[in-house]
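Descriptive analysis of the structure
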Amino acid sequence: MRKEKFKYQYTYHILPYIYEGRYDEYLTKLLKDTNIIEYRYDKIKELEIFSYFKKDVLDTMFYEFPYKESENLNIKEKITRLSECESVTFKYDIIDKEKNKTLINDIVKIAENEKNDENQRDNGNIKFVIEDFKIIVFKTGIAFIILKTTLINTRYISDILDFNYRFKSILSKKDIIKKIDNIELRLYGDEINGIEKLKQIILNYIGKNKNNKLLENDEEFYTFSYLCIDDIYTNDGNNKNILKDVYSRYSRILHSNYDIEDLEEETMISKNMKELKKVNICITKMSSMLLCSDIDPFNFTVLPRDYETKMLYTYLITLYQKLFLLMINKEIISGNTKKQRFGQIRLNEFISKMWYNEITLSEKGSTYYENLKKILEVNKIFDDIQIKSKIMLRYNRTKNSNIFYKIMGMIGIISVGLNIYQYFFRK
């Protein structure tokens, strides 16, 4: 697969975590961080988002942060206002204002007009840049780190496959095993220490919260990727086999040499969007992968932007819904009545504010949302929690009733005993 080339690509790596401390405390920590800036959603610059999502989604996710007069507010005043919001978005500042250069804490330096050999990987290494670094913090205790990456020293599809495969696990124990595959990643600007520095930056925000295990992602990134390839691979004949091989590996985030002969089709949902020419979106439990052809200029002009705005946030919303339900499930089924009651209150708030049956009027968008919920089993988890919640409620009522009757019984026995005592011994 070494010779096949792509036209355009990017990958978003999404890491959910449960932050430590209260919502207002974590927002304060981020606002005091010199590397963090407030991210303002702009109705003009991000028209795709504001014209796509329904009002209830926009109200909880995409307000202009942190209000027009925010420049005159101190941190305490900002926190007071922001604490009322369901989520707040921050951006890791990649602009060095003094040197007017692009960087991420001195580890990413993108030089304009840099000439790279696009036809050969340097010394067997895959070089990439970080184009965007956001942190979305939800009131419920869940946050997301979102990195947008692109490759800069290659145009080979095989390198995209290897990069996505390797990057996904750079924070997990699986990365030790993946090193055996001899896939080396290099962060452009700091090829020697860049990856390790990036890990430390991410871990600094995540902290060491043991509750992260509730999210069930095993410290691996979720992958949201776009890949546009040459139409030659979608034509009839031998090239169709090439396309099938690429799609099978790309959609499941497998490396370029993975043996796909025994892969089972039911491990994923593959949605061919018939409204677009030569476009496939594959959803798995850990990814959303779009593969398209350059047969239609729309696929490498408008589509990349639509996918990383409308569909990216649809993916994040659905993923958040699932992760919140997994987190709250522990409180609902706990033996602690206080935790159960608090969990039920939080679940009711979630249902009223973030449980969307419909998030857009777009037919394609609604189809994508429904497919996401299906493969991520969001509705199934929700229904399961509702059943458990009702069972626990009945159990607690029965338990309380039994306690009440026991108490009344004891009072009755004591009362009878006192009457007998008075009758026989107080005469």
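Residues numbered from 1 in each chain as written. Predicted model: local features only at pLDDT ≥ 70, side-chain atom pairs only at ≥ 80, totals over all residues. Heavy atoms only, no water.

**Digging into the nonpolar core**
Generally speaking, a soluble globular protein has its nonpolar side chains buried in company with each other. Condition: Take the buried Ala, Val, Leu, Ile, Met, Phe, Trp, Tyr and Cys residues and link them wherever side-chain atoms come within 4.5 Å; each set so joined is a nonpolar core. Accessible area is worked out with a 1.4 Å probe on protein chains only. A residue is then buried under 20% of its type maximum, exposed over 50%, and partly exposed in between. Strands here are runs of E lasting at least two residues and helices are runs of H or I lasting at least four, both read from the DSSP assignment and numbered beginning at the N terminus.
The biggest cluster of nonpolar side chains holds 62 residues, and the ones touching the most others in it are Ile14, Phe53, Phe62, Phe144 and Leu325. Tallying contributions element by element places helix H10 (residues 303-332) first for this core, with 17 residues. In this structure, Leu30, Ile130, Phe133 and Ala143 belong to the second largest nonpolar core, which totals 54 residues.

**Description of the packing of aromatic side chains**
As a reminder of what qualifies: Note on aromatic contacts: the rings of Phe and Tyr and the six-membered ring of Trp form a pair at centre separations within 6.5 Å, being stacked when their planes are under 30 degrees apart, edge-to-face when over 60 apart, and tilted otherwise.
Inspection of the entire model under this criterion finds 28 aromatic pairs. Consider the rings of Tyr10 and Tyr226, whose centres lie 5.3 Å apart with planes at 15°: the pair is stacked. Here the residue Tyr10 occupies a position in strand S1 (residues 6-18), and Tyr226 occupies one in strand S9 (residues 222-229), the gap between them amounting to 216 residues. Here Tyr10 and Tyr226 have matching classes, each one buried.

**Topic: helix H4 (residues 75-82)**
For an α-helix, 3.6 residues make a turn, and residues three or four places apart therefore share a direction. The condition that has to hold: Note that the arc is defined by the directions from the helix axis to the C-beta atoms. When checking whether two residues touch, look at their non-hydrogen atoms; a contact exists if any pair is within 4.5 Å. Pairs of N or O atoms within 3.5 Å make up the polar contacts considered here, provided that, within protein, one atom can donate a hydrogen while the other can accept it, and that residues adjacent in sequence are counted only when both atoms are side-chain atoms.
Taken as a whole, H4 has its buried residues at Lys78, Ile79 and Leu82. Summarising the axial view, the buried residues of H4 lie within an arc of 100°, below the 170-degree limit, and thus occupy one face. Looking at H4, the residues exposed on the side facing more than 90 degrees away from the buried face are Lys76 and Thr80. Contact partners of the buried residues in H4: helix H1 (23-32), strand S2 (36-38) and strand S3 (87-92). Capping of H4 at its N-terminal end is provided by Asn74; its side-chain oxygen lies 3.1 Å from the backbone amide nitrogen of Lys76.

**Looking at the pairing of strand S6 (residues 125-138)**
Rule in force here: For two strands to be treated as a pair, DSSP must find at least two bridges joining them.
S6 sits mainly inside the fold: 13 of its 14 residues count as buried. One ladder, built from 5 bridges, connects S3 with S6; its direction is antiparallel. Directly across from Val88, in S6, lies its bridge partner Val137. Bridge count for S6 against strand S8 (residues 184-187) is 4 bridges, and the pairing is parallel. Its bridge partner lying in S8, Asn125 is registered against Glu184. Here S6 pairs with strand S7 (residues 142-151) via 9 bridges, running antiparallel. Each residue of the ladder has a partner; that of Ile136, found in S7, is Phe144. In sequence, S6 turns back onto S7 through a hairpin of 3 residues, with Gly141 there showing a positive phi of about 110°.

**Looking at the environment of Glu308**
By secondary structure assignment, the location of Glu308 is in helix H10. Discounting residues that sit within four places of it in the chain, Glu308 has contacts with Tyr10, Tyr12, Lys148 and Phe224.

**Overview of the state of the cysteines**
Put plainly, a disulfide is one covalent bond tying together the sulfur atoms of two cysteines. Threshold: Our working definition of a disulfide is a cysteine sulfur pair at a distance within 2.5 Å.
If you walk through the whole model with that rule in mind, you get 0 disulfides. Sulfur of Cys228: no disulfide; nearest cysteine sulfur belongs to Cys292 and is 3.8 Å away.

**Regarding the packing of H1 against H4**
Stated precisely, the cut-off is as follows: Helix axes use the C-alpha atoms of the stretch in contact, all axes being lines fitted to C-alpha atoms, and the angles between their N-to-C directions lie in the range 0 to 180 degrees. In what follows, roughly perpendicular refers to angles from 65 to 115 degrees, roughly parallel to angles under 35, roughly antiparallel to angles over 145, and oblique to any angle outside these ranges. In this scheme the handedness of a crossing depends on how the near helix is turned from the far one: anticlockwise by less than a right angle means left-handed, clockwise means right-handed. Residues are grouped as follows: Ala, Val, Leu, Ile, Met, Phe, Trp, Tyr, Cys and Pro are nonpolar; Asp, Glu, Lys and Arg are charged; every other residue, Gly included, is polar.
Look at H1 against H4: their axes get within 10 Å of each other, and the N-to-C directions meet at 135°. Looking at the two axes, H1 sits oblique to H4. The crossing of H1 and H4 is right-handed. Along its contact with H1, which presents Tyr23, Asp24, Leu27, Thr28, Leu31 and Lys32, the element H4 presents Ile75, Lys78, Ile79 and Leu82. The residue makeup of the contact of H1 with H4, split by class, is 6 nonpolar, 1 polar and 3 charged.

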